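# Topology and contacts: notes
Each chain, letter by letter, is given below.
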Amino acid sequence: MRNNNNNYGAKIAVTSIIWAFATGMMALCIPIISISKGDITLPLALVIGTTITTVSIWQSGSHKEINSSENFQQIEQRVRDLETIASSDKLDSVDKHMDKN
């Protein structure tokens, strides 16, 4: 749960920065709209792009959490395998054989 709170904080910070820049760009679009005789293509593209970026930021964290959980389980399994190998009698007999030579 602790990682989720930190992750949400980062997502909120990035989202607020993105939308702050988008608001500034929207303010710059006001004179451009008057020059282009009411064409709203640029502000519409700005809002759509900002929305898509925001959605992708909020969706990216859920996949990362799942992958990190899977990675942790894989690492845990590898450690168990290594412990099994290290404690096996075969390894002890190999060490004894190596000492003889």
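Right, let's walk through the structure included here. (Residues numbered from 1 in each chain as written. Predicted model: local features only at pLDDT ≥ 70, side-chain atom pairs only at ≥ 80, totals over all residues. Heavy atoms only, no water.)

Taken together, Tyr 8, Ile 12 and Trp 58 make up a surface patch of nonpolar side chains, about 300 Å² in accessible area. Structurally, the position occupied by Trp 58 is in helix H2 (residues 41–86). (Patch = residues over 30% accessible without salt bridge, like charges linked within 9 Å, V, L, I, M, F, W, Y side chains within 5 Å. Areas by Shrake-Rupley, 256 points an atom, 1.4 Å probe, with all protein chains shown as cover. Salt bridge = Lys/Arg side-chain N within 4 Å of Asp/Glu carboxyl O. Helix = DSSP H or I, 4+ residues; strand = E, 2+ residues; numbered from the N terminus.)

This part is about the packing of aromatic side chains. Under the definition given, this model contains one aromatic pair. Between Tyr 8 and Trp 58, the aromatic rings sit 6.0 Å apart at their centres with planes inclined by 25°, giving stacked as the arrangement. Highlighted residues: Tyr 8 in helix H1 (residues 2–35) and Trp 58 in helix H2, separated in sequence by 50 residues. (Phe/Tyr/Trp six-rings, centres within 6.5 Å; stacked < 30°, edge-to-face > 60°.)

Moving on, we come to the pattern of salt bridges. What the rule picks out here adds up to one salt bridge. For Glu 76, the salt bridge goes to Arg 80, with nearest N and O atoms at 3.6 Å. Taken as a pair, Glu 76 and Arg 80 lie in helix H2 at a separation of four residues, close to a single helical turn.

Moving on to the environment of Thr 53. With respect to the helices and strands, Thr 53 occurs in helix H2. A residue is classified by how much of its surface remains accessible, and Thr 53, at 33% relative accessible area, is partly exposed. For the pair Thr 53 and Thr 15, spaced 38 residues apart in the sequence, the C-alpha separation amounts to 8.7 Å. (Buried < 20%, exposed > 50% of the residue type's maximum accessible area, 1.4 Å probe, protein only.)

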